[in-house]
Amino acid sequence: MAAKKVDLLEIVQKIINLDSKMRFAAIIDSKGDIREAIMKTGKTSLKSQKEEEHFCKQVAQRRAMRKEFDRSLGKVRYVHVEREKVSQMVVYAKRNIVYFTMEPEMPINTKIRLITKIKKFTADL
């Protein structure tokens, strides 16, 4: 029996809907190509389409670079970058990368709770 095709759009919508402060969610393949992405309604992108694509390529490159330390330090659980205008999160699924952004003023415990939820339903991607 063929594996059920995962609805990536459904997954990015689920991520966006987790919290009102969510801005953007994307599923990126190992080469850094965006497989599916969504910007929350009413939010404007802080990056152009070209910048977004370039950024996603870099996210994939950084995953490959971080793998170098998996043996000594263990696998990366998530990456959290706190910027003035946005919080950026990266979660590594099996074959894909889940990248999402949120408003920066969110409490850290809320962010950790969101990361935990997102990791649960994206682990097999």
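Residues numbered from 1 in each chain as written. Predicted model: local features only at pLDDT ≥ 70, side-chain atom pairs only at ≥ 80, totals over all residues. Heavy atoms only, no water.

## What about the overall build of the chain?
When helices and strands are tallied, the chain shows four helices and five strands. Listed by position from the N terminus, the elements making up the chain come as α-β-β-α-α-β-β-β-α. In summary, the chain has a C-alpha radius of gyration of 14 Å against a globular reference of 14 Å for 125 residues, a match within 12%. In terms of overall dimensions, the chain has a C-alpha envelope of 40 × 40 × 30 Å along the principal axes. When burial is assessed residue by residue, the chain has 39% of its 125 residues classed as buried. (Helix = DSSP H or I, 4+ residues; strand = E, 2+ residues; numbered from the N terminus. Rg over C-alpha atoms; globule rule 2.2 N^0.38 Å. Buried < 20%, exposed > 50% of the residue type's maximum accessible area, 1.4 Å probe, protein only.)

## Concerning the layout of surface pockets
The computed volume of the largest pocket comes to approximately 260 Å³. Lining of the largest pocket is provided by 16 residues; of these, Leu46, Lys47, Arg83, Val86 and Gln88 occupy positions nearest its centre. Within the residue set of the lining of the largest pocket, elements represented by two or more residues are β1 (22-28), α2 (49-66) and β5 (97-102). Each pocket or cavity is described by its volume, and for the second largest pocket that value is around 170 Å³. In terms of lining residues, the second largest pocket is bounded by Arg63, Arg66, Lys67, Asp70, Lys75, Val76 and Tyr92. (1 Å grid on protein atoms, 1.4 Å probe; cavity = no way out; pocket = protein on both sides within 12 Å on 5 of 7 lines; lining within 4 Å. Points joined across faces, edges and corners; volume = space filled by probe spheres on them.)

## Notes on the pattern of salt bridges
This model, assessed by the stated rule, comprises six salt bridges. Between Glu103 and Arg23 there is a salt bridge, with the nearest N and O atoms lying 3.0 Å from each other. On the criterion of sequence distance, the pair formed by Glu103 in the loop between β5 and α4 (108-122) and Arg23 in strand β1 is long-range, its members being 80 residues apart. Accessibility assignment for this pair places Glu103 and Arg23 in one class, buried. Here Lys43 and Glu103 are joined by a salt bridge, their closest N and O atoms 2.9 Å apart. Of the two residues, Lys43 sits in the loop between β2 (34-39) and α2 while Glu103 sits in the loop between β5 and α4, which places them 60 residues apart along the sequence. In this structure Lys43 comes out as partly exposed when scored by relative accessible area, which is 25%. (Salt bridge = Lys/Arg side-chain N within 4 Å of Asp/Glu carboxyl O.)

## A closer look at the sheet that holds β5
The sheet built from five strands is open, its strands ordered β2-β1-β5-β4-β3 with antiparallel pairing. A single partner strand is all that each edge strand has here, and the edge strands are β2 and β3 (79-82). Pairs of neighbouring strands in the sheet enclose a mean axial angle of 10°, with direction left out of account. By the bridge criterion, four bridges tie β3 to strand β4 (residues 87-92) in an arrangement that is antiparallel. Opposite His80, over in β4, you have Met89 as the bridge partner. (Pairing = 2+ DSSP bridges. Axes fitted to C-alpha atoms, helices over the stretch in contact; angles between N-to-C directions.)

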